[in-house]
Amino acid sequence: MAELRPMYMSDLNTVVKIIEATDEDDAEEAREIYQEYGVEGQFVLEHDNKIIGVIGYSEVPGTDGTYWLSWTYLDPAFQGLGMGKQMLNDLLNMLREKNGRKIFVKVSDYDDPEDGRVYERAMKLYESVGFVEELVGKDFYDEGENQHIYGLKLRDAASDEEDEVEIADEKPVIRFDGMYEIGDSDGAYTFSWTVKDNKGLFEKRNFTVEDLRLGIDAVRNEGGRKIFLTFPSNLPLIHTPLQAAGFKFVGRLTDYYEKGVHELHFTHDLGNG
Ligand SMILES: CC(C)(COP(=O)(O)OP(=O)(O)OC[C@H]1O[C@@H](n2cnc3c(N)ncnc32)[C@H](O)[C@@H]1OP(=O)(O)O)[C@@H](O)C(=O)NCCC(=O)NCCS
């Protein structure tokens, strides 16, 4: 019998080794993330007192019960036996008990010259418990390596479906305050932005096409390939400048923030592939 228990910092090396067996880069990144953000919401799968897998979740602050699935890896000796599905279902049930509303997971379609599509089994696993692909970020991780985002409703949809929600548009002042390369990508950048509550004399202006062009030039100077930006769906003022600066709509994560407020994804291709 294999069982989930909360992960502790003392499990770090064992967990990183399990991830390393599939992907060395992921293992390094996972170590950094566990060290920086801690292991709350992370679980290990124990079999005969030995750790054979890892799984977890992180809640998105400011949303109505939205989660991301964290690193999900099994020791290769135990793959293909139904244990991955069992630990995922156990985790989803924990979130249902916490009244979680929706969970998302990102998967790469990396096609390894020797090992083929390494994450194919993971995609099948997510689909087998009800996850549905909501968007594909083309060339997100690298040229030819796309990001697939799957979503799953955690709450019984029946009552939810009938609730008509009216979402009002919001027009806050949004300004960019940074630019950085997306952690697990090669040459994909994003801008960070803040909402200015204090609408002082110099803070009245929303971001403009010029602001976007400055950001695009900065990414180009860094040798970036692509820019990915995400915004809530109830901000009508963002569309005109994004379009004018050459951003294209990629797709949306449905009900990401709350029912009726989606996360819209946009991309700009710099042609530096
Ligand atoms: C992904 C992973 C956790 C799945 O766990 P697992 O125990 O191997 O998978 P399971 O035996 O529970 O099978 C789950 C589903 O995967 C599919 N599957 C199983 N074996 C498969 C195979 N050889 N090829 C393709 N799909 C397969 C099946 O659809 C199965 O669902 P079903 O039982 O309804 O038919 C595990 O294989 C793993 O750690 N893989 C490497 C790391 C990884 O890809 N992590 C995800 C990062 S996003």
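Owing to the predicted nature of the structure, the values given are computational and were not obtained by experimental measurement. (Residues numbered from 1 in each chain as written. Predicted model: local features only at pLDDT ≥ 70, side-chain atom pairs only at ≥ 80, totals over all residues. Heavy atoms only, no water.)

1. As for the overall build of the protein chain
In terms of helices and strands, the protein chain carries seven helices and 15 strands. On C-alpha atoms alone, the protein chain measures out to a radius of gyration of 20 Å, which is about the 19 Å that the 2.2 N^0.38 rule sets for 273 residues. Along the three orthogonal principal directions, the C-alpha set of the protein chain runs to about 65 × 45 × 30 Å. The buried share among the 273 residues of the protein chain stands at 48%. For the protein chain, the share of sequence-separated contacts (at least 6 apart) that also reach a separation of at least 24 residues comes to 65%. Carbon and sulfur atoms provide 46% of the accessible area of the protein chain, an area that totals close to 14500 Å². When the 29 basic and 55 acidic side-chain charges of the protein chain are each reduced to a single mean position, those positions are 5 Å apart. (Helix = DSSP H or I, 4+ residues; strand = E, 2+ residues; numbered from the N terminus. Rg over C-alpha atoms; globule rule 2.2 N^0.38 Å. Buried < 20%, exposed > 50% of the residue type's maximum accessible area, 1.4 Å probe, protein only. Contact = heavy atoms within 4.5 Å. Areas by Shrake-Rupley, 256 points an atom, 1.4 Å probe, with all protein chains shown as cover. Lys, Arg positive; Asp, Glu negative; His and termini not counted. Charge placed at Lys NZ, Arg CZ, Asp CG, Glu CD.)

2. A few points about the pattern of salt bridges
All chains considered together, the criterion is met by twelve salt bridges. Linking Asp64 and Arg101 is a salt bridge whose minimum nitrogen-to-oxygen distance equals 3.4 Å. Here the residue Asp64 occupies a position in the loop between strand E3 (50-59) and strand E4 (66-69), and Arg101 occupies one in the loop between helix H3 (83-97) and strand E6 (102-108), the gap between them amounting to 37 residues. Here Glu143 ties to Arg225 by a salt bridge, and the two come within 3.2 Å at their closest N and O atoms. With Glu143 in the loop between strand E9 (132-142) and strand E10 (145-153) and Arg225 in the loop between helix H6 (209-221) and strand E13 (226-232), this pair connects stretches of sequence that are 82 residues apart. (Salt bridge = Lys/Arg side-chain N within 4 Å of Asp/Glu carboxyl O.)

3. A few points about the packing of aromatic side chains
Two descriptors summarise a pair of aromatic rings, namely the distance from one centre to the other and the angle between the planes of the rings. All chains considered together, the criterion is met by 16 aromatic pairs. Seen from their ring centres, Phe140 and Tyr141 are 5.1 Å apart, and the 75° between their planes marks the pair as edge-to-face. A ring pair is formed by Trp193 and Phe231, whose centres lie 5.1 Å apart and whose planes are at 25°; its orientation type is stacked. You can see Trp193 sitting in strand E12 (residues 188-196) and its partner Phe231 sitting in strand E13, a full 38 residues away along the chain. Within the aromatic cluster, the residues linked to one another by ring pairs are Phe176, Phe191, Trp193, Phe207, Phe231, Phe249 and Phe266. Between Lys106 and the ring centre of Trp68, over which it is positioned, the NZ or CZ distance is 4.6 Å. (Phe/Tyr/Trp six-rings, centres within 6.5 Å; stacked < 30°, edge-to-face > 60°. Lys NZ or Arg CZ within 6 Å of the ring centre and 35° of its normal.)

4. Topic: H3
The end-to-end C-alpha distance of H3, which contains 15 residues, comes to 21 Å, matching closely the 21 Å that a straight helix rising 1.5 Å per residue would cover. Among the residues of H3, Met83, Gly84, Met87, Leu88, Leu91, Leu92 and Leu95 are the ones counted as buried. (Expected span 1.5 Å × (residues − 1).)

5. Observations concerning the site of the ligand
Taken together, 18 residues sit near the ligand, with Thr72, Leu74, Gly80, Gly82 and Lys85 positioned nearest. Note that an oxygen atom of the ligand is positioned 3.3 Å from one of the side-chain N or O atoms of Gln79. Between the ligand and Gly82, the relevant distance is 2.7 Å, taken from an oxygen atom to a main-chain nitrogen or oxygen of the residue. The set of elements that each furnish at least two residues to the shell around the ligand consists of strand E5 (73-74), H3 and helix H4 (120-128). In terms of residue class, the shell around the ligand is made up of eight nonpolar, seven polar and three charged. (Near = heavy atom within 4 Å. Polar contact = N/O pair within 3.5 Å; in protein donor to acceptor, adjacent residues only side chain to side chain. Nonpolar A, V, L, I, M, F, W, Y, C, P; charged D, E, K, R; others polar.)

6. What about the domain arrangement of the protein chain?
If you check the domain split of the protein chain, you get domain 1 (2-156) and domain 2 (173-269). The gap between the C-alpha centroids of domain 1 and domain 2 is 27 Å. Between domain 1 and domain 2, the contact holds 20 residues from the first and 20 residues from the second. In total, domain 1 and domain 2 occlude about 1600 Å² of area from one another, counting both sides; carbon and sulfur atoms represent 56% of this. (Domains from an automatic or database assignment. Buried area = accessible area lost by both parts, 1.4 Å probe.)

7. Some thoughts on the sheet that holds E13
Pairing in this open sheet of five strands is mixed, and the strands run E11-E12-E13-E15-E14 from one edge to the other. Both outer strands of the open sheet, strand E11 (173-181) and strand E14 (248-258), are each paired with one neighbouring strand and no more. The average angle at which neighbouring strand axes cross in this sheet is 25°, direction not considered. Across two bridges, the pairing between E12 and E13 is parallel. Across the sheet, the residue bridging to Ala188 is Lys226, located in E13. H6 contacts E11, E12, E13 and strand E15 (261-269) of the sheet and is inclined by roughly 5° relative to E11. (Pairing = 2+ DSSP bridges. Axes fitted to C-alpha atoms, helices over the stretch in contact; angles between N-to-C directions.)

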